[in-house]
Amino acid sequence: MALKDDLAAILGSDYVSDDPEILAKYAADWSLVQPRQPDVVARPGNTEEVQAVIKNASDRGIPVTPRSSGVGYYGGGIPSQGGIIVDLGRMNKILQIDPRNKKVKIEAGATWAQVQAEAARSGMMVCSPLLPHPAKSVVTSALEREPILIPKTEYSDQVLTQELVLASGELFWTGTALGKAMKDQCFPDAFVPGARLWNGAQGTLGITTWANIKAEFLPVKDRTFFIAFDRPDDMVEALYRIERRMLGYECLALNRTNLAAILGSGGEKAKDKLSPWTIILIVSALDYFPDEKIAYEEESLAEIAKSLKFKTTHTLAGITGLDAKLPAVLRKPWADEPYWKHRQAGASTDIFFHTTLDRAAEFEEAINKIAVAGGFDTADVGGYLQPLDRGRAGFLQFGLRYHPEDNAEVSRAREFHRQASETVARMGGFFTTPYGGWADLVYSHTAGYTSTLKIVKDAYDPKHILNPGKLCF
Amino acid sequence: MPYGDEKHSLIFQELTNILGEENVRHGTATMTAYSRCLFAVATLNRARKPEFVVLPRDTQDIQNIARLATRYEFPYSIMGSGVMMPLHSAAKRYWCIIDPKRMNRVEVDEKNMFAVIQPYVTHAQLQAEAMKRGLFNGIPLVGAQAMALANHVWHGWHGSAYRTGFATRNILGMEWVLPTGDIMTTGSLAVPNAGYFWGEGPGPDLRNLRKGLVSENGSLGIITKLAVKLHPWPGPKYFPVADIRPCKTSELPDDFQWHFINYPTEKACADGMYAIGKAEIGGIMQRWGTQLIAWEYAKSNEEYLKLLEEGYWRKECLNLVAICLFPFTSAKQVAYEEKVLSCIIERTGGKEVSQEVYDKLKPFVANTLIRDNYGFRWTRPGNTMHTSMLFADSLDAVFNAQEEHWQHIEGYKPPFLDDNGESAWVLPFDFCHSGGCTVDQSHEKLEPVCQEVMKEAMDWLQHDIKAGMCAFTTNLAPADVVGPKFANYHLPLAKIKKALDPKNVANAGRFIDVARVEKAQQEAAEKAKAQQPPPEAPKAH
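What counts and how
Residues numbered from 1 in each chain as written. Chains lettered and ligands numbered in written order. Predicted model: local features only at pLDDT ≥ 70, side-chain atom pairs only at ≥ 80, totals over all residues. Helix = DSSP H or I, 4+ residues; strand = E, 2+ residues; numbered from the N terminus. Rg over C-alpha atoms; globule rule 2.2 N^0.38 Å. Buried ≥ 20, exposed ≤ 12 C-beta atoms within 10 Å, placed from the backbone. Contact = placed C-beta atoms within 7 Å. Nonpolar A, V, L, I, M, F, W, Y, C, P; charged D, E, K, R; others polar. Domains from an automatic or database assignment. Pairing = 2+ DSSP bridges. Axes fitted to C-alpha atoms, helices over the stretch in contact; angles between N-to-C directions. pLDDT = per-residue confidence, 0-100.

Draft legend 1. Expanded view of the overall build of chain B. The helix and strand inventory of chain B stands at 20 helices and 20 strands. Taking 24 Å as the expected radius of gyration for a compact globule of 541 residues, we find that chain B reaches 25 Å, a close match to that expectation. Based on the C-alpha atoms only, the size of chain B along its principal axes is roughly 90 × 55 × 50 Å. By residue count, 57% of the 541 residues in chain B fall in the buried class. The long-range share in chain B, meaning contacts at least 24 apart out of those at least 6 apart in sequence, stands at 70%.

Draft legend 2. Highlighting the overall build of chain A. Helix and strand counts for chain A stand at 14 helices and 17 strands. Taking 473 residues into account, the globule formula puts the C-alpha radius of gyration at 23 Å, and chain A, at 22 Å, falls close to it. Dimensions of chain A along its principal axes, counting C-alpha atoms only, are 70 × 55 × 45 Å. Counting every position in chain A, which comprises 473 residues, the buried fraction comes to 59%. If you take every contact in chain A between residues at least 6 apart in sequence, the share linking residues at least 24 apart comes to 69%.

Draft legend 3. Region of the structure containing the interface of chain A and chain B. Listed as interface residues are 77 residues of chain A and, on the opposing side, 77 residues of chain B. Elements supplying a minimum of two residues to the side of chain A that touches chain B: strand S9 (171–173), helix H6 (232–244), helix H9 (290–308) and helix H14 (447–460) of chain A. Looking at the side of chain A that touches chain B, the element that brings in the most residues is H14(A), giving 9 residues. Each residue belonging to the side of chain A that touches chain B can be placed in one class, and the counts come to 37 nonpolar, 18 polar and 22 charged.

Draft legend 4. Representation of the domain arrangement of chain A. Residues and elements named next belong to chain A. Partitioning chain A into structural domains gives domain 1 (3–89), domain 2 (91–217), domain 3 (221–330) and domain 4 (340–427). Listed per partner, the contact involves 6 residues of domain 2 and 8 residues of domain 3. For the side of domain 2 that touches domain 3, the residue count by class is 6 nonpolar, no polar and no charged.

Draft legend 5. Main features of the sheet that holds S9(A). All names here are of chain A. Read across the sheet, 5 strands follow the order S5-S6-S10-S8-S9 without closing on themselves; strand pairing throughout is antiparallel. Edge strands, defined here as strands with exactly one partner in the open sheet, are strand S5 (94–98) and S9. Within the sheet, the average angular offset between the axes of one strand and its neighbour, ignoring direction, is 10°. As defined by bridge partners, strand S8 (residues 159–165) adjoins strand S10 (residues 207–214) across 6 bridges and the pair is classed as antiparallel. Bridging across to S10, Val159 finds its partner in Ile213. In the packing of helix H3 (residues 47–60) onto the sheet, contacts are made with S8, S9 and S10, and the angle to S8 comes to roughly 50°.

Draft legend 6. Examining the pairing of strand S14 (residues 277–285) of chain A more closely. All names here are of chain A. S14 sits mainly inside the fold: 9 of its 9 residues count as buried. Relative to S14, strand S12 (residues 221–229) runs antiparallel, the two being bridged by 9 bridges. Bridge pairing in S14 places Lys221 opposite Ala285. Relative to S14, strand S13 (residues 251–255) runs antiparallel, the two being bridged by 5 bridges. Along S14, the bridge assignment pairs Ala253 with Ile279.

Draft legend 7. Up close: the domain arrangement of chain B. Residue and element names in this part refer to chain B. You can read the domains of chain B as domain 1 (6–98), domain 2 (106–232), domain 3 (241–371), domain 4 (382–476) and domain 5 (482–529). The centre of domain 2, based on its C-alpha atoms, is set 29 Å off from the matching centre of domain 3. Listed by partner, the interface residues are 7 residues for domain 2 and 9 residues for domain 3.

Draft legend 8. Seen up close, the confidence of the model for chain B. Within chain B, residue pLDDT values average 92, and 98% of them lie at 70 or more. Model confidence for the complex: the whole-complex pTM is 0.96, and ipTM, which rates the interface, is 0.96.

Draft legend 9. Quick peek at the environment of A:Pro462. All names here are of chain A. Checked against the element boundaries, Pro462 lands in the segment after H14. Overall, the presence of 13 C-beta atoms within 10 Å leaves Pro462 in the partly exposed class. When the C-alpha atoms of Pro462 and Met91 are compared, they prove to be 27 Å apart, with 371 residues separating the residues in sequence.

Laid out in structure tokens, this is it:
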């Protein structure tokens, strides 16, 4: 029987397609990664159907690429060797909101728009990365290690446990979800290997069907501070001090280009009045005596400001109401069209990596040089520095804005991305989740890690059917 | 020379060539010393001794030992303080114990809050270096004399885990000598010019090949350098202590505030902990079992027995939550959090202990947990101890599990001493996103008693396997024994172990028995084949 017929027998014909128009939609995403069309798209509705699809693919030796989000920015869901796209979009149930244990149990296709709305009804939130697309899968964000805006150590490592379908079609669970007697299944390390083996894997070691993800209580009161800097080095010192004193909830730094995009039309108009870099710090409080908590944190911030000679404000460039508005904005997905990164030119190509905060300035200088040499303006480069884990490390992202309808500019953007990636890798920027061309860039320099990773891949996916062509295999 | 066959002589000669004569031992006295520990299983396996003890100087030495072991097929393990000796002691002939005493360096990156440690750095050493710089690592219940590297990799339940997490999560870049002698680096250390600062990746996180509730005990290689997270420490650079053990006390500045809250029931105790976690206050929070308090507090066995007889701790602290408020931000933070804590205590039905109990707990039990502790004080009543249960999941699940386990333990008294138990040490992680507990028993170190203790351990292992409990017992058993009840997690592991350690020399025989897995698979395949109908005979044309 033909592949499509086999899959239709499993899922029903409504949920299997080889229509060229549909296949074309799955061939590319917003990244500059080379498009590749799948042979068929399957949309299972539950775990058993995922298992049946994978078993069929395994028998035939056909590649399977999972896709959980309605959008993709880095090429992780592009089927680089064709085969079946397993679109988990129908598996979008929120299975449990558990305030006592501060977690949500959600299926892989549950989106940021869904999950944050539902969690908020219980006074909770899942800590989000910077303004995710509303159609992006929450599970995917966590598995892709997208950094969260709140750098509390206690909130980090968001994936607690998960259910996976392995390449054999058999089920597997990570952490305490592996034990049928384990009631709440919220501890990530039950047996070797620990749960994080499956993170950052782009579906190459198994397909996640649901996950328990950390959730936090929504603050009842917030105060937003903006701290403007001309020099990134000065900003970084402030971030170190703020985080060492454990101040605030959301804490991030944006350059002028990114901040203007996020502030909307008001920001675009006021772009020239914005400083090169701005720290956004939201000081928040939970149920008990919120004013008192915010007061002592504000006092501590004032001490740091005095010592480092910076000023804190509650608004930017004369835009009114930001203090009250921004916490809610940052705790939800981006709501408008176009997506914030696409406002300026229609598209953006991103370079992002981990480093220590004190190296941010040297990376910014290198990226700007490459942008200018490629015929772009530094104002075309959005910058975002996210302190992680109380400032122990930083996530640095540069997004080059370009016009996707201009072929020449697309070509220059592609070259910028290549050069910038190579430069960052050479300087010691760490691509923790190596997408697209970054895989070769990273794994060609990590002989021991790469050979062991191949051993692990062979152990879990001996026929190499799961998202082949990604990572180093 | 205890054995003296040709293979032993060859290995001894080659080890000497690598390390120098002064760093290789095979004399009876040394071998005996490396075969003794406090646990029941070691008492029963006394006859088993290693044949070599070696002291490498650096990573290259360890690579050379691993290569030699693979070539000449002799088993080895690495042992630091020897706390968990039963998992690393000799189990086969020609066993070589690697003692990393000469690898004890620590380097701190103060700005980026991490330390790079070698295998023989103790928690005491690491914590002292961290505190000098306004940073903090954590001290496990087993004591500050334990090796920080092994503790982070193996288990890592630090007293501060409420804020600093399960310590295996605090591992950053890692240098790891594979059984073949090749080096693998993980996290940011894997790529050029990045350093040790980040732990995950690149891509799938191979740190996790070492991480379960406990680790693989060096069966997949030896970690020679490890970067660990340090956390902000708002306290003194030098931690003041007075007296010597067992009367050692220590004091924190006044802007650290301990509170000891007793609850009428375990349920109320759990509710109190959840409420504190929800409010995100405090630097340390634990539930202290009465056993733990008794062991840590008593300055002599006489005092221990006297308080036991009076039922003192059971009366005063049966469901005790201990919380220490830290001035991370400022002294005003502690004042604020004391106000919040008062509200929580009132709402959850707790009661602060009397001043008399407070004064007993704070200097002798509480403060010592931050810089040091009386690790293994609980061996005193019976000369040894036994962790009969260790478990992690939600706090609710932890409380339920320990209650069930106490009922089971009743059937084993004696040989376990009836020493004020029935409440476990409970440790929340990450503001109570999860938690763990440990139930420990003291017993005498006599052979018949140890046999009963091992029987209890095996009974509880069968209970956990049957019930589907991911716990300490199921982690200590070889993966191929428990794996069939847990989604066959052992099958890919067997392939990984075989690929990384083709001669099965790294802590051979523990963690997983690859030969047994392969034999079982072969038998299953043959059985399946036998059940298939015979192929039809070809028909004549």
